[in-house]
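Secondary and tertiary structure notes
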Amino acid sequence: MFLYVGAGTVRRNDPTNLAHERTKMVESQLVARGIKNPRVLAAMQKVHRHVFLEEALQCQAYGDHPLPIGEKQTISQPYIVALMTQALELTGREKALEIGTGSGYQTAILAELADMVYSVERIPVLVYKARKVLDELGYFNVNIRIGDGTRGWPEESPYDAIIVTAASPEIPAPLTEQLTTGGRLVVPVGGRYSQELIRVERTETGLIQTNLGGCRFVSLIGQHGWRD
Ligand code: SAM
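Overview of the structure.

Rules used in this analysis
Residues numbered from 1 in each chain as written. Predicted model: local features only at pLDDT ≥ 70, side-chain atom pairs only at ≥ 80, totals over all residues. Heavy atoms only, no water. Phe/Tyr/Trp six-rings, centres within 6.5 Å; stacked < 30°, edge-to-face > 60°. Helix = DSSP H or I, 4+ residues; strand = E, 2+ residues; numbered from the N terminus. Buried < 20%, exposed > 50% of the residue type's maximum accessible area, 1.4 Å probe, protein only. Lys NZ or Arg CZ within 6 Å of the ring centre and 35° of its normal. Near = heavy atom within 4 Å. Polar contact = N/O pair within 3.5 Å; in protein donor to acceptor, adjacent residues only side chain to side chain. Areas by Shrake-Rupley, 256 points an atom, 1.4 Å probe, with all protein chains shown as cover. Pairing = 2+ DSSP bridges. Right-handed = clockwise from strand over helix to strand, strands pointing away. Salt bridge = Lys/Arg side-chain N within 4 Å of Asp/Glu carboxyl O. Contact = heavy atoms within 4.5 Å.

1. What about the packing of aromatic side chains?
- Counted according to the given criterion, the structure contains 3 aromatic pairs.
- Centre to centre, the rings of Y118 and W153 are 5.2 Å apart; their planes meet at 80°, and the pair counts as edge-to-face. Taken together, the residues span a long stretch of sequence, with Y118 in strand β5 (residues 116-121) and W153 in the loop between β6 (142-146) and β7 (159-164) at a distance of 35 residues. Considered together, Y118 and W153 belong to a single accessibility category, that of buried residues.
- By way of ring pairs, the aromatic residues Y118, W153 and Y159 are connected into one cluster.
- Its guanidinium or amino end placed over the ring of Y105, R49 lies 5.0 Å from that ring's centre, counting from NZ or CZ.

This is the structure:
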């Protein structure tokens, strides 16, 4: 069963807040490792990653590592966020689906780069927190719902881009089915403790898979992922 969480009030952040730390992150972690897409780099520079974290962890927000967000879940390392986002090749016109809202940080990056974002998260408390921060930042092109994202969000499909931010034993079939022709899906696939980041493109003749390299994510739990 899904619960829809609507948009609320706006409170924008001070744009100068930790801008220097974000510049350092973009240059030393992203550009230095080959992230080239100027729109992705601009979004990573713009979005205030620290506001998606609890206060005690905000000073570590721009470090080169994942961080805890509660409920045994994590916000991904900035480089992985940028790498996955770049692989989606967003131009600003897309309808994008995210599985695993978590803190809402990746959602905000997508909201900067796509037209509309749909995001599914299985843990209600994370949805409420993410929705609040995204509202405060003014991201009104984001719809979030609570549920099993391994089934996608069929009522709003098809999507030009789908990103899965938790690791699955295999590519969830409903997600490739909900891609447009020409649509791109990025998903970590493999075991519980290490995976490969797989990009799938749906073409008129079938699915083309590319391996973007090794990664490590928390588990995708649901009907088409891990069972627990
Ligand atoms: N993108 C997030 C961010 O920027 O903070 C990080 C996501 S965290 C690595 C993975 C998230 O996927 C967790 O919040 C977890 O609860 C969620 N998740 C796991 N299985 C899921 C499922 N079947 N449907 C929706 N969300 C799921």
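2. Side note on the site of the ligand
- The environment of the ligand is formed by 26 residues, the closest being S103, E121, D148, G149 and I221.
- In the model, a nitrogen atom of the ligand is placed 3.0 Å from a nitrogen or oxygen of the D148 side chain.
- The backbone of G149 places a nitrogen or oxygen atom 2.8 Å from a nitrogen atom of the ligand.
- When the ligand sits alone it has 600 Å² of accessible area, and the protein chains cover 99% of it.
- Looking at the shell around the ligand, the elements with two or more residues in it are β3 (73-75), β4 (95-99), α4 (105-113) and β5.

3. Some remarks on the pairing of β6
- Within β6, 5 of the 5 residues are buried, leaving the element largely enclosed by the surrounding structure.
- Alternating positions in β6 separate into two faces, V142, I144 and I146 on one and N143 and R145 on the other, with burial throughout.
- Across 5 bridges, the pairing between β5 and β6 is parallel. What sits directly across from V117, in β6, is V142.
- Tracing the backbone out of β5, into helix α5 (residues 124-137) and back to the parallel element β6 gives a crossover that is right-handed.

4. Here's the deal with helix α3 (residues 78-87)
- Buried residues dominate α3, accounting for 9 of its 10 residues.
- Residues of α3 that are buried: P78, Y79, I80, V81, A82, L83, M84, T85 and A87.
- Positive phi shows up at E89, right after α3, with a value of about 50°.

5. Remarks on unusual backbone geometry
- In the segment running from S157 into P158, the intervening peptide bond is cis, with an omega of 10°.
- Locating P158 in the fold gives a position in the loop between β6 and β7.
- In this structure, K72 takes a positive phi of about 65° despite not being glycine.
- Along the polypeptide, K72 turns up in the loop between β2 (67-70) and β3.
- K72 gets classed as exposed once you look at its relative accessible area, which sits at 82%.
- A positive phi angle, near 50°, is found at E89, a position not held by glycine.
- With respect to the element layout, E89 can be found in the loop between α3 and β4.
- We classify E89 as partly exposed; its relative accessible area is 46%.

6. Let's talk about the pattern of salt bridges
- What the rule picks out here adds up to 11 salt bridges.
- With a closest N to O distance of 3.1 Å, R145 and E155 form a salt bridge. Placement of the pair is R145 in strand β6 and E155 in the loop between β6 and β7, with a sequence separation of 10 residues.
- Take R145: its relative accessible area is 7%, and that puts it in the buried class.
- Salt bridges here are not isolated pairs; linked through shared partners, they connect E89, R199 and E201.

7. Examining the environment of G152
- Relative to the elements of secondary structure, G152 occurs in the loop between β6 and β7.
- For G152, a relative accessible area of 0% translates into the label buried.
- Taking C-alpha positions, G152 is 12 Å from L220, a pair spaced 68 residues apart along the chain.
- Contacts of G152, omitting those with residues within four sequence positions, involve L97, I99, V120, R145, L175 and Q178.

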